[in-house]
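The residues making up each chain are set out below.
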Amino acid sequence: MNNAPIRVAVVGAGWAGCAAALTLQRSGSRVGVHVTVFEAAKIAGGRARRVEKDDRAFDNGQHLLLGAYERSLAMIHSLHGVRVAKVIDQRSLALISAPGNAAQVAVRAGNLPAPLHLLVAMLTAKGLSFAEKLRVCAWCAKTLYGKFDESDSTTMTVAELIRDQPSVAKLWLWEPLCVAALNTPAERASARVFVEVLRRAFLGSKQASEMVIPRVDLSALLPEPALAEVARLGGDVRSGAVVNTVAPIDGRVKISSRDGEECFDYAIVATGPQHIERLFSKSPFIVDIYKRLFVFSYEPISTLHYEFIGGVDPESYPMLMLDGEPGQWLFAHRLASGRVRASVVISAHHRNESAEDLLRDGLVQLRRSFALPNPIWRQLVTEKRATYSCTPQQSALLRTLPTSIGNIHFAGDWCVPELPATLESAVIAGEHAAGAVTRRLMCSRG
Ligand SMILES: Cc1cc2nc3c(=O)[nH]c(=O)nc-3n(C[C@H](O)[C@H](O)[C@H](O)COP(=O)(O)OP(=O)(O)OC[C@H]3O[C@@H](n4cnc5c(N)ncnc54)[C@H](O)[C@@H]3O)c2cc1C
């Protein structure tokens, strides 16, 4: 029996690639694997990464995790161990409008076992009449517990799903939740995926609905410690290493990069869908299988970061709902310097203002809620392809695509079509791809 290590290339060190590389290299001694990670950027994390600029470190976009993100949270716990409370802030669900919003809505999960905590949250919610609360509770019971017809749901949008809900619940509960979870406005978002997210968050344990806000930057939260462990376990991590092409050849996989051409036994391609066409340009049959991905539409997310000496109290309200003009959510945290970093999120942001105008409008919006001094620093980050549009059509198409071809496995947030493009779908996809490679190795080695 040949016991030479099996070489696996992981292309891309976003959360999916990092999860795949770590899972594989952790099982390395059992199955004899050697992992090589190729990441084009200098900083790992992909669409959830640290940006370094103006002597500051900030995220490319504010991210929120949910308690229902079982796989990402398990990986974060495994990487940070007893220090985990230093890297994430996990607290009960609280959807609260910023002061000054036209409607003052506040939904706070109660301190009871699931699902009573949500029943209490709805019944004690501020901003809805008693009759409106009853309609929301009845809708939840019917949609989440009842049989949501899967055949209708393949084309249904969230707007259609919530059609009969009270206007205030649509405007201040379901539509903001939809755009936050799916990064797609309710008129275009997949009802089926939305219901799946609600079920995972609200029908599980009380912890599933909790909000998890990173306390460290996104690269430090998972990608960097994951890659450090991969390297410690003997893997090879290459940053600033752009892969030009991936091609199946004689039962192996040829990777061409700045380091030349190398052959691997398996490859896990953990890039965004938009990169597949170029990577496989030398393998027309693979391009043909995935060609419907290449016309996918995407949703941008813009994040307006500001730094203030004071004026917002991040300890009381780390996350507040805004009125959508222009931002939908405000996240605030205190920096080691004592200053406050406020990040205004504009999801599914298809506006054309200049950076200067957006930063000005974001500040005007914050000043409708808080008495703020002039910011010491401000920065706009726009990710044009933050996520694929989670429409019924696109998520249905993803269900039809294979996640492996021969020795090439795909990972990435687009590989788990029952969920929207999130950190959790990226980590699940990475773990699945690693598990699939490991199983094939175990079989081939008897
Ligand atoms: C602003 C913003 C806010 C978001 N908010 C949330 C949120 O609150 N909650 C949530 O769960 N999700 C959120 N998301 C979505 C989440 O960030 C993504 O779903 C997730 O990060 C995707 O990870 P991935 O590993 O699948 O892909 P990516 O992060 O895109 O990783 C792909 C990696 O491949 C690398 N790569 C590409 N081509 C090559 C090549 N040729 N050679 C080598 N490397 C290559 C890229 O550099 C990248 O690092 C947000 C996204 C954005 C942009």
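1. Brief notes about the pairing of strand β17 (residues 329–334)
Pairing analysis gives three bridges linking strand β16 (residues 319–321) to β17, with the strands arranged antiparallel. Considered in β17, the bridge of Met-319 is made with Phe-331. Hairpin remark: β17 followed by strand β18 (residues 340–347), antiparallel, with five residues in the connecting loop; positive phi at Gly-338, about 95 degrees.

2. Thoughts on the site of the ligand
Gly-12, Gly-14, Gly-46, Gly-61 and Thr-422 are the nearest of the 38 residues found near the ligand. The set of elements that each furnish at least two residues to the shell around the ligand consists of α1 (15–26), β2 (33–39), β15 (298–308), β19 (377–388) and α17 (423–444). For the shell around the ligand, a count of residues per class yields 19 nonpolar, 14 polar and five charged.

3. Some points on the sheet that holds strand β1 (residues 6–11)
In a beta sheet, neighbouring strands pair by backbone hydrogen bonds and run either parallel or antiparallel. Taken in spatial order, the six strands of this open sheet run β10-β2-β1-β14-β21-β20, and their pairing is mixed. Each edge of the sheet is formed by a strand with only one pairing partner; in this case those strands are β10 (236–239) and β20 (404–405). Relative to β10, β2 runs parallel, the two sharing four bridges. Directly across from Thr-36, in β10, lies its bridge partner Asp-236. Strand contacts of α1: β1, β2 and β14 (266–269), with the helix running at about 165 degrees to β2, the strand carrying the most contacts.

4. Digging into the domain arrangement of the protein chain
The domain boundaries assigned to the protein chain delineate domain 1 (6–50 + 219–296 + 391–444) and domain 2 (93–209). Between the C-alpha centres of domain 1 and domain 2 there is a distance of 34 Å. Each side of the interface is counted separately: domain 1 has seven residues, and domain 2 has 15 residues. By residue class, the composition of the side of domain 1 that touches domain 2 is four nonpolar, two polar and one charged.

5. Description of the environment of Leu-304
For Leu-304, the location among the structural elements is in strand β15. Taking the C-alpha atoms as reference points, Leu-304 and Asp-236, 68 residues apart in sequence, are found 36 Å from one another. Residues contacting Leu-304, with those up to four places away along its chain left out, are Gly-327, Ser-343, Val-344, Leu-358, Leu-359, Gly-362 and Leu-380.

6. Notes on the nonpolar core
Counting residues in hydrophobic clusters, the biggest one holds 121 residues, and the most contacted among them are Val-8, Ala-20, Ala-21, Phe-194, Ala-267 and Ile-268. Examining the composition of this core, we find that nine residues originate from one element, helix α9 (residues 167–182), more than from any other. When residues are assigned to domains, this core turns out to be shared by domain 1 (6–50 + 219–296 + 391–444) and domain 2 (93–209), each giving three or more.

7. Re the sheet that holds strand β5 (residues 65–66)
Reading across from one edge, β5-β9-β6 is the order of the three strands in this open sheet, with antiparallel pairing throughout. Edge positions in the sheet fall to β5 and β6 (88–91), since each has one partner strand and no second. With two bridges connecting them, β5 and strand β9 (residues 211–214) associate as antiparallel partners. Paired with Leu-65 across the two strands is Val-212, which belongs to β9.

8. Comments concerning the environment of Gln-365
Mapped onto the secondary structure, Gln-365 falls in helix α15 (residues 355–369). In this structure, the C-alpha to C-alpha distance between Gln-365 and Arg-334, residues 31 residues apart in sequence, is 20 Å. Excluding residues within four positions of it along the chain, Gln-365 makes contact with Leu-322, Glu-325, Pro-326 and Gly-327.

9. Observations concerning the packing of helix α3 (residues 70–80) against α17
How two helices sit against one another is set out by the angle between their axes and by the gap between those axes. Closest axis-to-axis distance for the α3/α17 pair is 7 Å, and the angle between their directions is 75 degrees. For the element pair α3 / α17, the angle class is roughly perpendicular. Along its contact with α3, which presents Arg-71, Ser-72 and Met-75, the element α17 presents Leu-423, Glu-424, Val-427, Ile-428 and Glu-431. Residue composition of the contact of α3 with α17, by class: four nonpolar, one polar and three charged.

About the thresholds
- Sequence positions are assigned chain by chain, starting from 1 and proceeding in written order.
- Side-chain atom pairs in this predicted model are given and counted only at pLDDT of 80 or more, local residue features only at pLDDT of at least 70, and totals for whole chains, interfaces and linings cover all residues.
- For two strands to count as paired, DSSP must find a minimum of two bridges between them.
- Think of it this way: any DSSP run of H or I at least four residues long counts as a helix, any run of E at least two long counts as a strand, and we number them from the N terminus.
- Each residue gets a C-beta atom placed from its backbone. Should that atom fall within 6 Å of a molecule or strand, the residue is termed near it.
- Three categories are distinguished: nonpolar for Ala, Val, Leu, Ile, Met, Phe, Trp, Tyr, Cys and Pro, charged for Asp, Glu, Lys and Arg, and polar for the others, with Gly belonging to the last.
- The contact rule is simple: place each C-beta atom from the backbone, and if two of them lie within 7 Å, those residues are in contact.
- Geometry is summarised by axes, namely lines fitted to C-alpha atoms with helices restricted to the contacting stretch, and by angles between N-to-C directions that run from 0 to 180 degrees.
- All domain edges in this entry derive from an automatic or database-based domain assignment.
- For this analysis, nonpolar core means a set of buried Ala, Val, Leu, Ile, Met, Phe, Trp, Tyr and Cys residues linked through C-beta atoms within 7 Å.
- To sort residues by exposure, count the other C-beta atoms lying within 10 Å of each residue's C-beta; 20 or more gives buried, 12 or fewer gives exposed, and values between give partly exposed, all with C-beta atoms placed from the backbone.
- What sets the label is the angle itself: under 35 degrees gives roughly parallel, over 145 gives roughly antiparallel, 65 to 115 gives roughly perpendicular, and the rest give oblique.

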